[in-house]
Amino acid sequence: MTTPTFDTVKVGDELPALQLPPVDRTTLALFAGASGDHNPIHIDTDVARRAGMPDVFAQGMLGMAWLGRLLTGWAPQSRLRRFDARFQGITHLGNAMRCSGRVVEKLEHNGERCVRIELQSANQFGQAKIVGEALVALP
């Protein structure tokens, strides 16, 4: 990975998008095991339906992890200074998520040259599921 530099990055630059395959039950089960989030609403259809949902759906932190993957594919994790997210919708089975980011500001923060990045995770229908922002220090 070639780390972007503060001098070469411009406001408006887009991070390389992360396109993911459709969410399936295997992904949810694997994330439950890896994260320790075994809430049955994400893995048991009967529980999800009793809660008024049509079926199981992705854990919110799975969606945030995908945005983190987008960020760390662009700059090393050691450069991440802040990462905030707002959950705006449920990621259902079959949603093919696209994670994107855009540089919206260059600034100095705590003596480091940083960029602020707007983030979004949206399904194949353009429905935003998670939005947020990150602060990344660049050399």
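Residues numbered from 1 in each chain as written. Predicted model: local features only at pLDDT ≥ 70, side-chain atom pairs only at ≥ 80, totals over all residues. Heavy atoms only, no water.

## As for the overall build of the protein chain
- Across its full length, the protein chain carries three helices and five strands.
- Considering only C-alpha atoms, the protein chain reaches an extent of 55 × 30 × 25 Å along its principal axes.
- Residue burial in the protein chain is summarised as follows: out of 139 residues, 40% are buried.
- Relative to all contacts within the protein chain whose residues are 6 or more apart in sequence, the contacts with residues 24 or more apart total 67%.
- Approximately 7400 Å² of the protein chain is accessible, and the part contributed by carbon and sulfur atoms is 51%.
- A distance of 2 Å separates the average location of the 15 positive side-chain charges in the protein chain from that of its 14 negative side-chain charges. (Helix = DSSP H or I, 4+ residues; strand = E, 2+ residues; numbered from the N terminus. Buried < 20%, exposed > 50% of the residue type's maximum accessible area, 1.4 Å probe, protein only. Contact = heavy atoms within 4.5 Å. Areas by Shrake-Rupley, 256 points an atom, 1.4 Å probe, with all protein chains shown as cover. Lys, Arg positive; Asp, Glu negative; His and termini not counted. Charge placed at Lys NZ, Arg CZ, Asp CG, Glu CD.)

## So, the packing of aromatic side chains
- Scanning all chains against the criterion turns up zero aromatic pairs.
- Across the ring face of Phe-6, the terminal group of Lys-106 is positioned such that the distance to the ring centre comes to 4.5 Å. (Phe/Tyr/Trp six-rings, centres within 6.5 Å; stacked < 30°, edge-to-face > 60°. Lys NZ or Arg CZ within 6 Å of the ring centre and 35° of its normal.)

## Structural notes on the environment of Arg-79
- Residue placement: Arg-79 occurs in the loop between helix H3 (60–74) and strand E2 (80–87).
- For Arg-79, a relative accessible area of 25% corresponds to the partly exposed category.
- In sequence terms Arg-79 and Met-61 are 18 residues apart; their C-alpha atoms lie 21 Å from each other.
- Residues within four places of Arg-79 in sequence aside, it is in contact with Leu-135, Val-136, Ala-137, Leu-138 and Pro-139.

## Quick look at the pattern of salt bridges
- Applying the stated rule across the entire model yields eight salt bridges.
- The partner of Asp-84 in a salt bridge is Arg-82, and the shortest N-O contact between them spans 2.7 Å.
- With a relative accessible area of 35%, Asp-84 lands in the partly exposed category.
- Given a relative accessible area of 30%, Arg-82 falls into the partly exposed group.
- One network of salt bridges, in which partners are shared, links Arg-82, Asp-84, Glu-105, Arg-116 and Glu-133. (Salt bridge = Lys/Arg side-chain N within 4 Å of Asp/Glu carboxyl O.)

## A few points about the environment of Met-97
- Its location among the elements puts Met-97 in strand E3 (residues 96–109).
- For the pair formed by Met-97 and Leu-15, sequence separation is 82 residues and the distance between their alpha carbons is 15 Å.
- Ignoring anything within four residues of it in the chain, the contact list for Met-97 reads Leu-18, Gln-19, Leu-20, Trp-66, Thr-91, Ser-121, Ala-122, Asn-123 and Lys-129.

## So, the nonpolar core
- Trp-74, Val-115, Ile-117 and Val-136 are the most contacted members of the largest nonpolar core, which has 31 residues in total.
- Of all the secondary structure elements, the ones that give two or more residues to this core are strand E1 (18–22), helix H1 (25–35), H3, E3, strand E4 (112–122) and strand E5 (128–137).
- At six residues, the largest contribution of residues to this core is made by H3.
- Once you skip the residues sitting within four places of it in the chain, Ile-117 turns out to touch Leu-15, Leu-71, Trp-74, Gly-101, Arg-102, Val-103, Gly-132, Glu-133, Ala-134 and Val-136. (Core = buried A, V, L, I, M, F, W, Y, C linked by side-chain atoms within 4.5 Å.)

## Considering the side chain of Lys-129
- Within the secondary structure, Lys-129 sits in strand E5.
- Here Ile-90 takes part through its backbone oxygen, which lies 2.9 Å from a polar atom of the side chain of Lys-129.
- What Lys-129 contacts, discounting residues up to four positions off in sequence, is Arg-86, Phe-87, Gln-88, Gly-89, Ile-90, Thr-91, Asn-95, Met-97, Ser-121, Ala-122 and Asn-123. (Polar contact = N/O pair within 3.5 Å; in protein donor to acceptor, adjacent residues only side chain to side chain.)

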